[in-house]
Amino acid sequence: MKHLIDTNDLSNKQIDDILADAIKFKKSSPPPLLANKVMLTLFFEDSTRTRSSFEIAGKKLGMSVVHLNPSTSSTKKGETLQDTFENLCAMDPNTIVIRHSQNDIPSQLSALDLTPVINAGAGNYAHPTQAMLDYMTLKEHFGDIKGKTIAIVGDIVTSRVASSATRLLTRMGMNVIFVGPKEFLPPLSFTSDAMPQYESLDKIIENVDAVMSLRVQLERHETPVFKDYESYAKKYCITKDIIKDRDILILHPGPVMRNIDITDELLLDDRCKVLTQVKNGLYVRMAILKNLLLDS
Ligand code: ASP
Ligand code: CP
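As the structure is a prediction and not an experimental result, all values here were calculated from the model.

Q: How would you explain helix 10 (residues 274–295) if you had to name every residue and give the values?
A: At 3.6 residues per turn, the α-helix brings residues three or four places apart onto the same side. Compared with the 32 Å implied by 1.5 Å per residue over 22 residues, the 30 Å span of helix 10 between its first and last C-alpha is a close match. Among the 22 residues of helix 10, 16 are classified as buried, and the element is accordingly described as predominantly covered.

Next up, the structure:
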């Protein structure tokens, strides 16, 4: 039984196969390869893109999709997460896609080996399908990403997107630079190798090929780090003034906080790939479902 908890679970061959399938599915719709299989989505944190994208991906492959909303489930009556999971598995779904605020919940549930578990974002550590769609978007634009440099800008220390992207993109040969205020820069243990860290984009903008802007993860801060985010935005919002006419790709996992993360003006720029990322996410998730449920 294969699970997807972190991109480190994927071999290089699996990553290549998933990318190749995602590109194929983007060109033309596949037949219902997963007909008669059931996907259950279980999101303990809010989501617009990941949940919809998994559910549409499953349906495009012929799966039936069941969503359990934890806030109207028997979790509210005090049932433990493990009991909830075991009861759901007793109904024989072919996979459970889970999002949770704690880093280790998807791996703990996968260790029970009751159904393939797919991590749709956990705590501040891993969001593997986001990393795969970011990788696809970068490869689609650059071809070979080896030796290219990406600056990840914003609240890095509480971002599972930054953490997952750093593991996958450095593995694929990209240079990763962290940019943010001291409060948002991670300790060196955040990734296995220390990434260069800067407090301002000005100093390094000449040397980057891509910028990944991140939302401030307010829901993960026990107390607000800044009194107001306008002064933060003055320094870290990605603007046309910073990017100028440079050939730089702009990424953001979403949800975008307009004019704090990226300006309205830059969101309309062709170099900004936010909606391309969302589109690629659909095909990457279709390819991941095929890889885990059919090919493995
Ligand atoms: N949607 C991404 C996540 O769930 C990023 C974000 O929420 O800022 O990690
Ligand atoms: N990028 C992302 O995970 O978006 P959602 O939180 O809306 O799923």
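Picking up where we left off.
Q: Summarise the sheet that holds strand 1 (residues 38–43); cite the residues concerned and give the values.
A: Sheet architecture is open: four strands sit in the order 2-1-3-4, paired in parallel fashion. Single-partner strands in this sheet number two, and they are strand 2 (64–68) and strand 4 (117–122). This sheet shows a mean twist of 15° between the axes of neighbouring strands, independent of strand direction. Two strands pair when backbone bridges link them, and strand 1 and strand 2 are joined in this way by five bridges, in the parallel orientation. Bridge pairing links Met-39 to Val-65 in strand 2. The strands touched by helix 3 (residues 81–89) are strand 1, strand 2, strand 3 (95–100) and strand 4; relative to strand 3, the strand with the most contacts, the crossing angle is about 160°.

Q: Before we move on, could you go through the site of ligand 2 and cite the residues and values that matter?
A: If you check the shell around ligand 2, you find Ser-47, Thr-48, Arg-49, Thr-50, Arg-99, His-127, Gln-130, Pro-253 and Gly-254 and nothing else. A distance of 2.7 Å is found between an oxygen atom of ligand 2 and a side-chain nitrogen or oxygen belonging to Thr-50. Gln-130 places a side-chain nitrogen or oxygen 3.0 Å from a nitrogen atom of ligand 2. In isolation ligand 2 offers 260 Å² of accessible surface; the protein chains occlude 92% of this area. Given that more than half its atoms are within 2 Å of the pocket grid, ligand 2 belongs to the largest pocket.

Q: I'd like to hear about unusual backbone geometry, residue by residue, with values.
A: For the bond running from Gly-254 to Pro-255, omega is 0°, close enough to zero to count as cis. Residue position: Pro-255 is located in the loop between strand 9 (249–251) and helix 9 (264–267). You will see that Lys-244, though not glycine, has its phi angle at about 50°, which is positive. With respect to the helices, strands and loops of the structure, Lys-244 is situated in the loop between helix 8 (240–243) and strand 9.

Q: Would you mind going over the layout of surface pockets in detail, with residue names and values included?
A: Put simply, the largest pocket is a space of about 390 Å³. Around the largest pocket, the lining is made up of 21 residues, and of these Arg-99, Arg-160, Arg-215, Gly-254 and Pro-255 lie nearest the centre. Secondary-structure elements contributing two or more residues to the lining of the largest pocket are helix 2 (49–60) and helix 6 (160–171). Classifying every residue of the lining of the largest pocket by side-chain character gives four nonpolar, nine polar and eight charged. Of the voids in this model, the second largest pocket is the one considered here, and its volume is about 180 Å³. Taken together, Val-256, Arg-258, Leu-267, Leu-268, Cys-272, Lys-273, Val-274, Leu-275 and Thr-276 make up the lining of the second largest pocket. In terms of residue count, helix 10 provides more of the lining of the second largest pocket than any other element does, three residues in total. Its residues placed into classes, the lining of the second largest pocket shows six nonpolar, one polar and two charged.

What counts and how
Position labels on residues start from 1 in each chain and follow its written sequence. Chains carry letters and ligands carry numbers; both start at the beginning, A for chains and 1 for ligands, and go up in the order they are written. Local features in a predicted model are, by the rule used here, given only for residues with pLDDT of at least 70; side-chain atom pairs are given and counted only at 80 or more, and totals for whole chains, interfaces and linings are based on all residues. Heavy atoms from the whole structure form the basis of all side-chain values; hydrogens and water molecules are not counted. The secondary structure listing takes helices from DSSP runs of H or I that are at least 4 residues long and strands from runs of E that are at least 2 residues long, numbered from the N terminus. Multiplying 1.5 Å by the helix residue count minus one yields the expected span of that helix. Exposure classes here rest on a 1.4 Å probe applied to the protein chains alone. A residue is buried below 20% of its type maximum, exposed above 50%, and partly exposed in between. By this definition, two strands are paired if DSSP reports at least two bridges between them. Angles here are taken between N-to-C directions and fall from 0 to 180 degrees, while the axes themselves are lines fitted to C-alpha atoms, restricted in helices to the stretch in contact. We call two residues contacting when some pair of their heavy atoms lies within 4.5 Å. Proximity is defined per residue: if any heavy atom of the residue lies within 4 Å of a molecule or strand, that residue is considered near it. Here a polar contact means two N or O atoms within 3.5 Å. Within protein one must be a hydrogen donor candidate and the other an acceptor candidate, and residues neighboring in sequence count only if both atoms are side-chain atoms. Methods summary: accessible areas were calculated by the Shrake-Rupley approach with a probe of 1.4 Å, and residue burial reflects only the protein chains presented. Both site types are read off a 1 Å grid over the protein atoms alone. A 1.4 Å probe that fits but cannot get out defines a cavity, while an open set with protein on both sides within 12 Å along at least five of seven lines defines a pocket; lining residues have an atom within 4 Å of a point. Just a note on the criterion: a molecule sits in a pocket or cavity if more than half of its atoms are within 2 Å of the grid points. Grid points are joined across faces, edges and corners, and a volume is the space filled by probe spheres set on the points. Residue polarity follows a fixed list, in which Ala, Val, Leu, Ile, Met, Phe, Trp, Tyr, Cys and Pro are nonpolar, Asp, Glu, Lys and Arg are charged, and the others, Gly among them, are polar.

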